[in-house]
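Notes for the structure review
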Amino acid sequence: MHIVICIKQVPDSAQIRVHPVTNTIMRQGVPTIINPYDLFALEEALQLRDRHGGEVTVLTMGPPMAEDALRKALTYGADRAVLLTDRHFAGSDTLATSFALSQAIAKIGEAFGTPDIVFTGKQTIDGDTAQVGPGIAKRLDLLQLTYVAKIVSVDINGREITVERRSEGGTQTLLSKLPCLITMLEGTNEIRRGSLDDALRAARSQIVKWNAADAGIEDLTKCGLRGSPTVVKRVFAPPERPKKAEQIDTAEKTPRDLAEELIAGIFLRQPALESELAFDGEA
């Protein structure tokens, strides 16, 4: 079985700053990490490989420094890493990104074997759109299983997979044919710690690096800014609250006292609410 997992190198959101004048994200000096949601997808791919055999290929699109994220993925146990990097990809939105990645996945299929499953995280922490995974599935004509919480079983010979998918109404159990694309939810597994052997192998491994031509991309108008209809008008930090939260002293007070004090404070600031509740009680 051949599994391809798409990951992304993203800024550590805990250390992102917004420029006070330009209102743009300041990326200089901000450390980068593998998108946390992608790690759960990577772990699920590795578990399937361990149970059923085969290979796991990790793919990312980004600048040359994204190689660090790929080597990190190799330390977890991935078999191969492919970096899709080219100046033509700069400024890509989700539409252009899904196009470039789908072309690279097709090329991976030609070079290393057609993938049975393509994994992505449910979304990235820098974009939060959850559009790239479904976009890849659409372009490659793959069945897509989104927001998957658990892989129940995989039948390689029968070319079927059963998953549990989280939805607004609860949990759905779905049976699908292979090949397919899966977007994994967070907290679905426990991410392993890479072994020393994998760490040494990752340090020695040769990262496969493809530009647009290497990936078989002929129509460059679908890449980068030219292929990105999305326009970000402004990025800004939330304004500071004019009033800070008030703290209620809980010393030597019963839960009832605290509840009454909290309700009294709410009614003091919103007197109309007290009269509305009183009217509803009379009704």
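Every value quoted in this text rests on a predicted model; they were computed, and no experiment measured them. (Residues numbered from 1 in each chain as written. Predicted model: local features only at pLDDT ≥ 70, side-chain atom pairs only at ≥ 80, totals over all residues. Heavy atoms only, no water.)

1. Considerations on the overall build of the protein chain
The following threshold applies: Numbering goes from the N terminus for both helices and strands, where a helix is a DSSP run of H or I of at least four residues and a strand is a run of E of at least two. Only the C-alpha atoms count toward the radius of gyration. The rule for a globule is 2.2 Å times the residue count to the power 0.38. Only protein chains enter the calculation, and the probe is 1.4 Å; a residue is then buried if its accessible area is under 20% of its type maximum, exposed if over 50%, and partly exposed in between. What sets the accessible areas is the Shrake-Rupley method with a 1.4 Å probe; for residues, cover comes only from the shown protein chains. Positive charge is attributed to Lys and Arg, negative charge to Asp and Glu, and no charge count is given to His or to the chain ends. Each charge is placed at NZ for Lys, CZ for Arg, CG for Asp and CD for Glu.
Check the secondary structure of the protein chain and you find seven helices and 13 strands. What you see for the protein chain is a C-alpha radius of gyration of 24 Å, clearly larger than the 19 Å of a compact globule of 283 residues, by over 25%. Each of the three principal axes of the protein chain carries a C-alpha extent, and together these read 75 × 50 × 40 Å. Every one of the 283 residues in the protein chain was classed for burial, and the buried ones make up 39%. Carbon together with sulfur atoms contributes 52% to the accessible area of the protein chain, which is approximately 16,800 Å² in total. The averaged location of the 38 negative side-chain charges in the protein chain is 6 Å from the averaged location of its 33 positive side-chain charges.

2. A closer look at the domain arrangement of the protein chain
Our working definition: For each domain, the first and last residues come from an automatic or database assignment.
When its domains are assigned, the protein chain resolves into domain 1 (2–227) and domain 2 (241–282). For domain 1 and domain 2, the distance between their C-alpha centroids amounts to 48 Å.

3. What about unusual backbone geometry?
Going from L178 to P179, the amide bond is cis rather than trans, its omega being 0°. In this fold, P179 is placed in the loop between β11 (170–177) and β12 (180–184). Within the chain, D141 stands out as a residue other than glycine whose phi angle is a positive 60°. Mapping D141 onto the fold places it in the loop between α4 (132–140) and β9 (143–155). Phi is positive for E252, which is not a glycine, with a value near 55°. As for its placement among the helices and strands, E252 is situated in the loop between β13 (208–210) and α6 (255–269).

4. Some words on the pairing of β9
Selection rule: A pair of strands is labelled paired if DSSP reports no fewer than 2 bridges between them.
Pairing geometry for β9 and β12, over four bridges, is parallel. Each bridged residue has a counterpart across the sheet, and for V148 the counterpart in β12 is M184. Relative to strand β10 (residues 160–167), β9 is paired through six bridges, and the arrangement is antiparallel. Residue pairing in the sheet places V154 in a bridge with I161 of β10.

5. Some words on the environment of R269
Here R269 shows up in helix α6. Accessibility expressed as a relative area gives 53% for R269, which makes it exposed. For the pair R269 and L48, spaced 221 residues apart in the sequence, the C-alpha separation amounts to 56 Å.

6. Here we look at the packing of aromatic side chains
As a reminder of what qualifies: Aromatic rings from Phe, Tyr and Trp, with only the six-membered ring used for Trp, were paired whenever their centres fell within 6.5 Å, and each pair was classed as stacked if the ring planes differed by under 30 degrees, edge-to-face if by over 60, and tilted otherwise. Each ring is checked for a lysine NZ or an arginine CZ that lies within 6 Å of its centre and within 35 degrees of its normal; such an atom marks a charge sitting over the ring.
Taken as a whole and judged by the stated rule, the model has zero aromatic pairs. The cationic tip of R80 hangs over the ring face of F112; the distance from NZ or CZ to the ring centre is 4.1 Å.

7. Topic: the state of the cysteines
Counted only if it meets this: In this description, a disulfide is simply a cysteine sulfur pair whose atoms lie within 2.5 Å.
Scanning all chains against the criterion turns up zero disulfides. C6 takes part in no disulfide bond, and the closest cysteine sulfur, belonging to C180, lies 13 Å away. Taking the relative accessible area as the measure of exposure, C6 reaches 7% and is therefore buried. The thiol of C223 is not disulfide-bonded; the next cysteine sulfur, from C6, is found 15 Å away.

8. Topic: helix α2 (residues 67–76)
Judged by how many residues are buried, α2 sits mostly within the fold: seven of 10 residues are covered. By the burial criterion, the buried members of α2 are E67, A69, L70, A73, L74, T75 and Y76. Just downstream of α2, G77 is the residue with a positive phi angle, here 125°.

9. Some points on the packing of α2 against helix α5 (residues 196–204)
Stated formally: Where helices are involved, their axes are fitted lines through C-alpha atoms of the stretch in contact, as for all axes, and angles between N-to-C directions lie from 0 to 180°. Rotating anticlockwise by less than a right angle from the far helix to the near helix defines a left-handed crossing, while the corresponding clockwise rotation defines a right-handed one. Contacts are assigned to residue pairs that have any heavy atoms within 4.5 Å of one another. Three classes are used: nonpolar for Ala, Val, Leu, Ile, Met, Phe, Trp, Tyr, Cys and Pro, charged for Asp, Glu, Lys and Arg, and polar for all others, with Gly counted as polar.
Direction vectors running N to C along α2 and α5 enclose 145°, while the axes themselves pass 7 Å from each other. Note on packing geometry: the crossing formed by α2 with α5 is right-handed. Where α2 approaches α5, its residues R71, L74, T75 and Y76 are matched on the opposing element by D198, A199, R201, A202 and A203. A breakdown of the residues in the contact of α2 with α5 according to their chemical character gives five nonpolar, one polar and three charged.

10. Focus on α4
Looking only at α4, the buried set comprises G133, G135, I136 and A137. The inward-facing, buried residues of α4 contact β1 (2–6), α3 (94–112), β8 (117–121), β9 and β12. Once α4 ends, the next one or two residues include D141, with phi positive near 60°.

11. Brief notes about the pattern of salt bridges
Applied cut-off: Criterion for a salt bridge: a side-chain nitrogen of Lys or Arg within 4 Å of a carboxyl oxygen of Asp or Glu.
Throughout the structure, instances matching the rule amount to 15 salt bridges. As a salt-bridge pair, E67 and R71 come within 3.0 Å of each other at their nearest N and O atoms. Separated by four residues within a single helix, E67 and R71 lie in helix α2, roughly one turn from each other. Here E110 makes a salt bridge to K107, at a shortest N to O gap of 3.8 Å. Here E110 pairs with K107, and both are found in helix α3, just three residues apart, close to one helical turn. The exposure class assigned to E110 is exposed, which follows from its relative accessible area of 63%. Residue class for K107 comes out partly exposed when judged on its relative accessible area of 28%. Linked through salt bridges whose partners overlap, the residues forming this network are E43, R49, D50, D79 and R192.

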